[in-house]
Structure formats: C-alpha cells, structure tokens
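# Report on the structure
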Amino acid sequence: MNYKLFGLAGYFTLAVFFIGCQSNKVPAASAAVMPAVSVPAQLPADSIPGGVPVWATKKGPYNPSAKQLHDLIHTSLHIRFDWQKQYAYGEATLTLKPYFYPQQTLVLDAKGMDIQGVQLVTDRGAKNLRHTYDKVKLTITLDKTYTRADTYKILVKYTAKPNELVAKGSAAITSDKGLYFINPLGTDPNKPRQIWTQGETEANSVWMPTIDKPNQRMTQDLYITVDARYTTLSNGLLVTNKKNADGTRTDHWNLNKPHAPYLAMMAIGEFAVVPDKWRGLAVNYYVEPQYRNTAKAIFGNTPAMMDFFSKTLGIDFPWSKYAQVVVRDYVSGAMENTTASVFMEELQVDRRGLLDADWDPIIAHELFHQWFGDLVTLESWANLPLNESFANYSEYLWEEHKNGKMAADAAGLKELNQYLAESETKQEPLIRYQYQDKEDMFDSHSYAKGGRVLHMLRNYVGDEAFFAALKLYLTTHQFTSVELAELRMAFEDITGEDLNWFFDQWFLSPGHPQLSVQHSYQNGKLTVAVQQLQDSAYTPIYRLPLTVAVWHKNKRTDYPVVINKAGQQFTFEVPAAPELVLFDGRQQLLAQVTHPKTDTELIYQFTHAQQYAPKKEALLQLSSKINEPKVMAIFKVALQDPFWQIRSDALSALEKYAGSDESLLRQMQQLALKDPKSAVRADALTILASVEEANNVSIYNQALGDSSYTVVAAAIDGLVAAKVGDPAPRLATFENNDSRKVIRALAGYYAYFGGPEKYDWYLRSLDKMRGEEMFFFLQNFGGYLMKIPPADQKRAITKLEQLARHHEAYYVRLGAYQALTLASDSPEMKALKQDIKTKEKDPKLIEIYKNITY
C-alpha cells in the first residue's frame, strides 16, 4: 500500500542517509559524561492540556494478533456482477481445518451481504448447515466436532452489496467498501466502466466470505464471469477462458502459493494489456486503451527492478507472474495484491506528461511488497511496519541503484521531513499494539520513519550483513506471518550481536532524538558537546553510534563515537582549527539536530561535503544573507550544480529574496526557460513570481510554450501572481488541455480574470478533474463563483452539492464544501452546508468539520 497520495495530508494537518565515504580509520574519541540537563517540553505549556504533550502516544486497548481457531487452506470462488444494482453474486467454497484445538463452530467475516445458504460439501454431496448472521460475522454450526487432523469444505452462497455499507477509511486508504463499481450505468462519458477491489486492511470480506485476518494463508481459484468485452485480472495465472451461452465469459485465475486473504484481488474493465517479461515470467501492464503506447514508458523499469531486488535480496521474485493495473477513482495510491498490483489513475499519462512523471518510487514500493508483505506478511496490523517500512525503503534502494547516492539521499531527506512534520502532533512507537484503530497504522511512522530506521540499521551492521539478514528472514518465514522479534533475531543470527537496544529504541519506543551540538577548538583539541533534548518522560535517551567528520587542511577524517547519555563531550586531537565539523558524518541519523556554524563554515560545507543533506542545510542557513558577496557567489554556484535537486533547493531558498542582483535574476530566468529538468524550470517560475521584476511577465509568456505541463501550469500561476490579465485570449488555447495541472492553474487564472463566459468551461472541466488537483480546482471554482450572480449559480451549486455529499474521496468532499462556502453566504447555503456536515459519515471529515466555523 502506498501512503504518499498525500500532499493533501499536510494541508489537512492534516534523513538520513547512507553515505559510503572513504574516511580514515581512527580510534574512537574520548568521551566525557556531562550533567543531565533540564529538558524543555517540545511545545509551549499553553498548548499542552493537562501537562501532556499533544504529540504524546495515545494508547487504545491492546490489539493482539487474531486468535487462530481455524486454518483457511483454500478458497474457490465463482462470482458474477449486476452493474445496475452494483451487487456481486458469489458462491465461495472454503477449505479449512481446525488450527489446533477441536472445533464445532466456524466464524467467517462477511460484511453487508445477503446469505442465501451455507452447506458442508463432501464427496457424498452437500449438507445444509445451521448458521446465524449479523451482517458482519457469519457463524456456522458444523455437523460435528473436527480435529486438526480433519479437513472440511464449506459452501456459502451470497449476494455482496458494497454500496449499502457505511464506508470508513484512513489517510492512506480513503474507503473500505472492498468492492467498487466505477461508472456502473455508463452515464459518465469521461469515465470507463470498471469493477475493482481493495482488500487492505480487512475489506475483502465485503465481497467474499473469509477469515479476514493477516495471519491466515490460503491458495485460491477465482472464476470471474463478465460480459465478453471486458478483461479480467486476478492473482496468479489465467488458467482458462470459457465462453458462456448467454454471451458472457468466465475467466479462471489460479494462485497456487498461499497468501493472506487481504491480498486477493479482482479488476474488470476494457483494458489494453501491454506485455513484458522478466526471465521468461509474464510482466503485464493493464491500462486504458488510449495509454497503450505509453504503458512501457510508465512501467517499463519493472523487469529491471525485479532483477535488482532479486539479486539484492538473494531471493528471486517468488510468484508466478507480475501484473500492474491502473484503475479509476482508486481509494489509495497503490496496493500490492499478490502478483497483481493496483495503481491510481494518475499514473496514466501521455507522452508529454511523461516529461514530468517519475513513477518509479511507487512502482518499486509495490513490487518490493511482493517479498515484504506478500511472501512474508505481518502477523497483525500492529506490525504494519514489517510491510510498509521495507516497501518505503525499497524506494531509496532503487533510487540509489538507478540514479546514485545523492539522488537517494534527497529522497530520504523528504521521507525524514514527512515523518518530522507528523511528529509535531503524533509520536507513536513503530510497532504499536495499542492503536485506537487499525487504520491509524497507515501513517508517516509506519512508512517514512520506518524506512529511515531501516537505513540506520543498514548503516550500523553494514551492507553485507544487512542483506544477508533480510535473506535469512525471508527464507525462514516465507509464506508465513511474522512479528518484529523474528526480524530482530534474523539480524542477531547473522551479526552475532544482541540488537534489542536498537529495536527497542527505534521500533518499540515513540519519538526521535532532538540533539543540540556545539563544537569548539582550543590548544590542539576539538571538543564536540552533544545534548539529547527530547522529553525523556515520553521518549528514550538514545544510544547513537555515529561518526563526526572533521576537515583539516581539506582532508576529511571520520571519528566514531557513541552517544548514550543526556549530555556528553567528545574530544579529538586536531593539529589546527578545523575548516568544518560535520556531526553524523554518514548523514544517516533519524533526528532533529541543531549545530550552529559560522557563515564561513557553511560555505565550506557546501563546497566540500559531497553529500546531499549538508549541501541543502548550508543553502537554507545562508539564504538570509544572500546579499553578502560570498553567499551570493555560493548561490550562483548552486544554481549551476550538476544535481537538479540542488538547483531546485537553491531556488527554494531564494523564495524571500528581495534583492536586485541583476545577474542572479537573469540566472533564475534562464533556469526558468532552459534548465534541462522540468521541475527546476517550474520552481524557477514559482520563485520569480515572488520577485518584483517587470520583465518576468515575458518569461511567463515564453514558458507557456514549454513542453512540460508542470512548467505551463507554473507560468499561468506566475501570470496570476503578476496580476496580468492581458494573456487571457492566448490562455484560452489551454482550455481543452488533457493535463489536470494545467486545468487547475487555468482555473486559478480565471478566478481572477475570467468573466461569465468561463462558467461553462468550469463545469465541463470539473468532470475531468481527479485527486489532489481536483481539490485545488474546487477552491478556484469557488472563488470564481463569487463573481457569478446568485441566480446563475444553480448549476454549479447542484454539482458541488453532489460532490460534497457523495464523492468517494473525503478530501474532494471537503473541497466541494469549501467551494460552496466561497460561492455564497446566504441562509439557504448555510442550511445546505449544515446538512452536509450533519450527514457526513467519515470520521476524518467529521473531525475536520468540527473545526470549521464557516
């Protein structure tokens, strides 16, 4: 499951790096323990109700792994669909046996179904069984007491009614209906008809009776009956296609290796299937027909990833095929169903859109799950990081392999910052048995923090031991469920070291180190003082093995140290005052570090520390002094850096630049028009919009002809910021553009400069919008409606009301609600909005509405 939908997560308030530097081998520095310091709270006292920090762990009841009374061995499912009613008609035959103790009762998860019958299936025929059903659990009285030596089969005939369920969800998975009918009646000309499923966490029991717990394992046969024009996809291999007398077709999909029930899937639609291969294994890409010719450009690195991960882990891709399918209106970013990952529609782009799109991280994430999550699966949702932290870290591994360590470190720093942003309001252990809701586990702790913790573990034990331990872990526990201790023991078996200290502080404790670092030089000795300032009432005092990198006469030396006290001093013999002291020389630590440095040191750091995070830190720290000649010179160098992210960071650091250096402005303008990376061109346009320079208008107009949609959108945004209405006729040529980024930007422009004649364009464009861009489009639409007379707003109000009440994505419902607020403050509108808030069922949106006073 991919969490990074998620630029909107911050809107709603919702690093850490492996650097293989060739440093000198030196003895550990001498350490002196300093007196413990008084640790300030992380938030002002007036923001800590009752003295408890708002970020402190919020414990719920203990959530153990599901008790295993029965072992689900195999599921054979015959299923067909009623598009009109949005029902599924199923006959599921489950093969089971008691797990250990004798059993006479079987309880299945079956949410929101109509149960037509339950039978015991034997060689002698079928026998009806007594059962009770409460719309959530199907309780079956077996015909006798079975022991663990017995195997039996149960047939359940049922109707699944997903739309009659009250849907919930999380930040990562916005709905839990399990089975989704997309444009079922074919009334939307801009959307194909599709059916797809989403099982995680426990939603597959909406469309098939099962034991919907992650510590179960089953093989499966799915017989999917559809109209002949539709293509189907499911787990495993397609065994047969059978044409039926009524014009339908039944596809038989078989998965012959066991997996968890939540990983079962179906996708039905008019897909183009683009074939690829890895070592003779089928690797197929399912996309809408108009994206047939770009499918390989989007997913084409998949075979190379399969090869890289197989070699890195020492275990070949463990399944019979791998497919990737893109669906409409998906409720997450992507999902790692066994052998068949599902992706959100944003991955479908045309050739021009490919200039801005890099979907390798999400593709690598879901692929790595085929080992970590599918082959070896979490025992309970409390152990979710055993799935998601590894998938998150695969993004770093692939980026490092493909584009180098600097690029991987840039991605890693973004992950660190994502976690740190969440930590301002939430600090939980990675492995947490006392969550309040299992959906709460899908957060930046399980993903971003977990990935950074694995990076530290890799740095501590070394590459050879790290990957050997992963191979042992996967080999030992393949096709089973696991908990954290089993990962720890694999590392201990390989390294020969007790690693409880590492796993306790990083996986089982909340928070992170907050370090104050000071360095001074006197009489041939460099002194580095370190204080751990995190609130030790809630967060541990950490043991932190790391290095301190020291530059003397342009030579780097790395000194190993171990921080394990609230306050410590380390001394190093250095012949003369060093040019630079870099704390955590490998830049692998997950922490917030404050280390004051002079401007001279920061300039030296940018030019000599050939690592991403120190370079970015130097630019951020120096940005307030941009008008000083030495600093200006560094920024001009940074804007020419070979790594595009450094150029982008330099631009971002100039966001509040108020100077008038002509050459710097010209350099930014040239980047906006000629930088080879579209993201840098767009960033340059965005920064130029904050600089009062009349000539920028001509830059924006030139950028409207850029090949990149992202750059065109940034140019339109620049024209809005410059309050220039003259280009409106030229911008009309973008009104039928396929890029939602461009449409969103154009909606912002017309909110300022558009007249009544743009009303119909907004209504047409609204039907094209999806995801994050749709949220921001709605804000712009609301602003535009402020200019429309109330009597003419009715068509827009009707559409916005429907979105605010019924759209699958809670953030789109919120965006539509906000657009209604901008459109009118009449008593009728206030009553409508109150009714929308009152009838909202999603807990996340209900909480947001509580804090909305308009």
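Cut-offs applied
Residues numbered from 1 in each chain as written. Predicted model: local features only at pLDDT ≥ 70, side-chain atom pairs only at ≥ 80, totals over all residues. Heavy atoms only, no water. Helix = DSSP H or I, 4+ residues; strand = E, 2+ residues; numbered from the N terminus. Rg over C-alpha atoms; globule rule 2.2 N^0.38 Å. Buried < 20%, exposed > 50% of the residue type's maximum accessible area, 1.4 Å probe, protein only. Areas by Shrake-Rupley, 256 points an atom, 1.4 Å probe, with all protein chains shown as cover. Lys, Arg positive; Asp, Glu negative; His and termini not counted. Charge placed at Lys NZ, Arg CZ, Asp CG, Glu CD. Pairing = 2+ DSSP bridges. Axes fitted to C-alpha atoms, helices over the stretch in contact; angles between N-to-C directions. Phe/Tyr/Trp six-rings, centres within 6.5 Å; stacked < 30°, edge-to-face > 60°. Salt bridge = Lys/Arg side-chain N within 4 Å of Asp/Glu carboxyl O. Polar contact = N/O pair within 3.5 Å; in protein donor to acceptor, adjacent residues only side chain to side chain. Contact = heavy atoms within 4.5 Å. Core = buried A, V, L, I, M, F, W, Y, C linked by side-chain atoms within 4.5 Å. Patch = residues over 30% accessible without salt bridge, like charges linked within 9 Å, V, L, I, M, F, W, Y side chains within 5 Å. Expected span 1.5 Å × (residues − 1). Parallel < 35°, antiparallel > 145°, perpendicular 65-115°, else oblique. Left-handed = near helix turned anticlockwise from the far one by under 90°. Nonpolar A, V, L, I, M, F, W, Y, C, P; charged D, E, K, R; others polar.

Of the regular secondary structure elements, the protein holds 26 helices and 30 strands. Against the globule reference of 29 Å for 854 residues, the protein gives a C-alpha radius of gyration of 29 Å, in line with a compact fold. Considered along the principal axes of its C-alpha atoms, the protein spans approximately 95 × 75 × 60 Å. By residue count, 58% of the 854 residues in the protein fall in the buried class. Total accessible area computed for the protein in this model is approximately 34200 Å², and 51% of it derives from carbon and sulfur atoms. Of the charged side chains in the protein, 91 are positive and 95 negative, and the gap between their average positions amounts to 3 Å.

A few words on the sheet that holds strand 29 (residues 580–583). The strand order across the open sheet built from 3 strands is 27-26-29, with neighbouring strands paired in antiparallel fashion. Both edges of this open sheet fall to strand 27 (555–563) and strand 29, since each of them pairs with a single strand only. This sheet shows a mean twist of 20 degrees between the axes of neighbouring strands, independent of strand direction. Pairing of strand 26 (residues 544–552) with strand 27, which is carried by 9 bridges, proceeds in the antiparallel orientation. Residue pairing across strands places T547 opposite P560, the latter belonging to strand 27.

All right, on to the packing of aromatic side chains then. Counted according to the given criterion, the structure contains 52 aromatic pairs. Geometrically, the ring pair formed by W83 and F181 is edge-to-face, given 6.1 Å between the ring centres and 80 degrees between the ring planes. Residue W83 is found in the loop between strand 2 (70–82) and strand 3 (87–98), and its partner F181 is found in strand 10 (residues 179–182); the two are separated by 98 residues along the sequence. Judged by relative accessible area, which is 11%, W83 ranks as buried.

For the rest of this paragraph, the subject is the pattern of salt bridges. Taken as a whole and judged by the stated rule, the model has 44 salt bridges. We note a salt bridge from K111 to D212, for which the minimum N-O separation is 3.9 Å. Of the two residues, K111 is situated in the loop between strand 4 (103–109) and strand 5 (113–122) and D212 in the loop between strand 11 (194–197) and strand 12 (218–227); the sequence distance between them amounts to 101 residues. We classify K111 as partly exposed; its relative accessible area is 21%. Classification of D212 as buried rests on a relative accessible area of 1%.

Next up on the list: the pairing of strand 29. By the alternation rule, side chains of strand 29 split into L580 and L582 and V581 and F583, which are all buried. Bridging between strand 26 and strand 29 involves 4 bridges; their strand directions are antiparallel. Bridged to A549 within strand 29 is L582.

Let us look at the sheet that holds strand 3. Judged by pairing direction, the sheet is mixed, and its 8 strands sit side by side in the order 6-5-9-3-2-12-15-14 without closing on themselves. Sheet topology places strand 6 (125–128) and strand 14 (237–243) at the edges, where each strand pairs with a single neighbour. In this sheet, neighbouring strand axes are inclined to one another by 20 degrees on average, regardless of whether the strands run parallel or antiparallel. Examined bridge by bridge, strand 5 and strand 6 share 4 bridges and lie antiparallel to one another. Across the sheet, residue V121 finds its bridge partner in strand 6, namely A126.

Moving on: the side chain of E288. Here E288 shows up in the loop between strand 18 (281–287) and helix 2 (295–299). Within the local environment of E288, its side chain forms a polar contact with the side chain of R328, the two groups lying 2.7 Å apart. For E288, the contacting residues outside a window of four places in its chain are P192, Q194, A272, R328 and Q348.

Our next topic: the nonpolar core. F81, I154, Y158, W371, F491 and F781 are the most contacted members of the largest nonpolar core, which has 257 residues in total. Setting aside chain neighbours within four positions, we find F81 in contact with Y87, A88, L179, F181, I195, I224, T225, V226, M266 and I268. Residues A549, L580, L582 and Y604 belong to the second largest nonpolar core, which totals 6 residues.

This part is about helix 16 (residues 678–688). Burial within helix 16 is extensive, with 8 of its 11 residues counted as buried. Within the span of helix 16, buried status applies to S678, V680, R681, A682, A684, L685, I687 and L688.

Attention shifts here to the side chain of K837. Of note, K837 is situated in helix 25 (residues 827–839). Although K837 is buried, it forms no salt bridge, and the closest oppositely charged side chain is E840 at an N-O distance of 11 Å. Once residues lying within four places of it in the same chain are set aside, the contact partners of K837 are Y817, Y849, I852 and Y854.

Relative to the elements of secondary structure, V52 occurs in the loop between strand 1 (30–33) and strand 2. Along the primary structure V52 and T377 are separated by 325 residues, whereas in three dimensions their C-alpha atoms are 35 Å apart.

With that settled, consider a nonpolar patch on the surface. Where nonpolar side chains cluster on the molecular surface, the patch consists of Y99, F100 and Y101 and spans about 360 Å² of accessible area. Mapped onto the fold, Y99 is located in the loop between strand 3 and strand 4.

Moving on, we get to helix 24 (residues 810–823). Taking 1.5 Å of rise per residue, 14 residues should cover 20 Å, and helix 24 covers 20 Å from first to last C-alpha, within 8% of that figure. Burial of helix 24 is extensive: 13 of the 14 residues sit out of reach of the surface.

A word on unusual backbone geometry. Of note, the amide linkage connecting E200 to T201 takes the cis form, showing an omega dihedral of 5 degrees. Relative to the helices and strands, T201 is located in the loop between strand 11 and strand 12. Non-glycine residue F479 carries a positive phi angle of around 60 degrees. Position of F479 relative to the elements: it lies in the loop between helix 8 (463–477) and strand 23 (480–482). According to the relative accessible area criterion, F479 is partly exposed, its value standing at 24%. For Q587, which is not glycine, the phi dihedral falls at a positive 55 degrees. By the secondary structure assignment, Q587 is in the loop between strand 29 and strand 30 (592–594).

The geometry of helix 5 (residues 385–403) relative to helix 6 (residues 405–423) is characterised by a closest axis approach of 7 Å and an angle of 155 degrees between their N-to-C directions. Considering their axes alone, helix 5 and helix 6 lie roughly antiparallel with respect to each other. In terms of crossing hand, the pair formed by helix 5 and helix 6 is right-handed. Here N392, E395, Y396, E399, E400 and N403 of helix 5 come into contact with helix 6, specifically with K405, A407, A408, D409, G412 and E415. Residues of the contact of helix 5 with helix 6, tallied by class, amount to 3 nonpolar, 3 polar and 6 charged.

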